[in-house]
Amino acid sequence: MNEIELKRRLLIMEYFKKYPNVFSEMEKNFILNYCETKANERLIPEVVRELYDELGFLCDTENIYIGFIKLIDEIFSIKDKKIIEVGGGVLPRLGERIASYQNKGFITVYDPRLSVYKVQKQKLKLVRESFDKTVDVSNTDLIIGLMPCKAAEIIVDVATHNKKDFVVALCEGGSHGEEYDFYEDDEEWRNSLIKQARREVNKNAMGKLKIKYMHEYANPYPVIYNEK
């Protein structure tokens, strides 16, 4: 372990001690193991990525939160938008960064896993619940998700049925082949979701479905959004 990795480990251990209930023991072990064995990987797992950004380990040019915000802002100009983020994670780093970037807008982050140590701010509302079709999105301009796994499906469904703009960065989509998942692999799942999104965007006169990538952040998965 080099000096940088050792320093990171010490800071991570200090964080665990200060906030003992943020991560489970399994997650803590995973984070520490990742820090020691995969320090040079660029596409960082969600639970590690959140903590790394919280502790300032990620440089701006490789920080996917910064990259995703830039991408969204180029499409929809988000400073004054009322935004919902689905699947904000344990540490809502994307939501916190967007809130600090906004002027008149604000962001509401949904995730039952949100840390109890995180508090709401003027432009940041935290909802420790799952996002579903019962959520009132009438006062919302934009619904987003950064690699929210299968929650991408509900984002597309709610957004298109309510004619709300959306941006979703897809991922591997979680496990496949279980009883209520008929997809054999992640590529089949992504292709099916993209087809569904394109169909619903067209049906609801929301423009066209567009696809971009964030390869510069080592992310091989597509980002889908509607463009009017």
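Structure: above.
Owing to the predicted nature of the structure, the values given are computational and were not obtained by experimental measurement. (Residues numbered from 1 in each chain as written. Predicted model: local features only at pLDDT ≥ 70, side-chain atom pairs only at ≥ 80, totals over all residues. Heavy atoms only, no water.)

K.L.:
Give a description of the nonpolar core that names residues and reports values.
P.N.:
Counting residues in hydrophobic clusters, the biggest one holds 29 residues, and the most contacted among them are Phe68, Ile144, Leu146, Val167 and Met214. At the level of secondary structure, the elements contributing two or more residues to this core comprise helix H4 (64-76), helix H5 (93-101), strand S2 (106-110), strand S3 (124-127), strand S4 (142-146), strand S5 (165-169) and strand S7 (219-227). When near neighbours in sequence (up to four residues on either side) are disregarded, Phe68 contacts Leu94, Gly145, Leu146, Val167, Ala169, Met214 and Val223. (Core = buried A, V, L, I, M, F, W, Y, C linked by side-chain atoms within 4.5 Å. Buried < 20%, exposed > 50% of the residue type's maximum accessible area, 1.4 Å probe, protein only. Helix = DSSP H or I, 4+ residues; strand = E, 2+ residues; numbered from the N terminus. Contact = heavy atoms within 4.5 Å.)

K.L.:
Can you tell me about the packing of aromatic side chains, naming the residues and giving the values?
P.N.:
A complete count under the given rule lists six aromatic pairs for this structure. Each ring, one from Tyr15 and one from Tyr19, has its centre 4.8 Å from the other, and the planes form 45 degrees; the classification is tilted. Through a chain of ring-to-ring contacts, three or more aromatic side chains come together here, namely Tyr15, Tyr19 and Tyr117. When the ring centre of Phe16 is taken as reference, the NZ or CZ atom of Lys28 above it lies at 5.7 Å. Over the face of the ring belonging to Tyr101 we find Lys79, whose NZ or CZ atom lies 4.9 Å from the ring centre. (Phe/Tyr/Trp six-rings, centres within 6.5 Å; stacked < 30°, edge-to-face > 60°. Lys NZ or Arg CZ within 6 Å of the ring centre and 35° of its normal.)

K.L.:
Would you mind going over the pattern of salt bridges in detail, with residue names and values included?
P.N.:
The final tally for this structure, using the stated rule, is 15 salt bridges. Between Asp157 and Lys133 there is a salt bridge, with its nearest N and O atoms 3.2 Å apart. Note that Asp157 is positioned in helix H6 (residues 151-161) and Lys133 in the loop between S3 and S4, a separation of 24 residues in sequence. With a relative accessible area of 15%, Asp157 lands in the buried category. The salt bridge involving Lys228 is made with Asp165; its shortest N-O contact spans 3.5 Å. Of this pair, Lys228 sits in the segment after S7 while Asp165 sits in strand S5, and the two are 63 residues apart along the sequence. Judged by its relative accessible area of 10%, Asp165 falls in the buried class. Look at the salt bridges and you will find they share partners, linking Asp53, Glu54, Arg93, Glu96, Arg97 and Lys118 into a network. (Salt bridge = Lys/Arg side-chain N within 4 Å of Asp/Glu carboxyl O.)

K.L.:
Please give an account of unusual backbone geometry that cites residues and values.
P.N.:
The backbone of Lys163 shows a phi angle near 55 degrees, a positive value even though the residue is not glycine. Among the secondary structure elements, Lys163 is positioned in the loop between H6 and S5. The phi torsion at Ala218 lies on the positive side, around 60 degrees, for a residue other than glycine. With respect to the helices and strands, Ala218 occurs in the loop between strand S6 (208-214) and S7.

K.L.:
I'd like a rundown of the pairing of S2, residues and numbers included.
P.N.:
Of all the five residues making up S2, four are buried; the element is thus mostly covered by neighbouring parts of the structure. Taken together, the five bridges between strand S1 (residues 82-86) and S2 define a ladder with parallel strand orientation. In the strand pairing of S2, Lys82 is matched with Phe106. Crossover handedness for the path S1 to H5 to S2: right-handed. (Pairing = 2+ DSSP bridges. Right-handed = clockwise from strand over helix to strand, strands pointing away.)

K.L.:
For the sheet that holds S3, give the residues involved together with the corresponding values.
P.N.:
Spatially, seven strands are ordered S3-S2-S1-S4-S5-S7-S6 in an open sheet, and the strand pairing comes out mixed. One side of each edge strand has no neighbouring strand; the edge strands of this open sheet are S3 and S6. If you compare each strand with its neighbour and ignore which way they point, the axes differ by 15 degrees on average. Pairing analysis gives five bridges linking S4 to S5, with the strands arranged parallel. Bridge pairing in S5 links Leu142 to Asp165. (Axes fitted to C-alpha atoms, helices over the stretch in contact; angles between N-to-C directions.)

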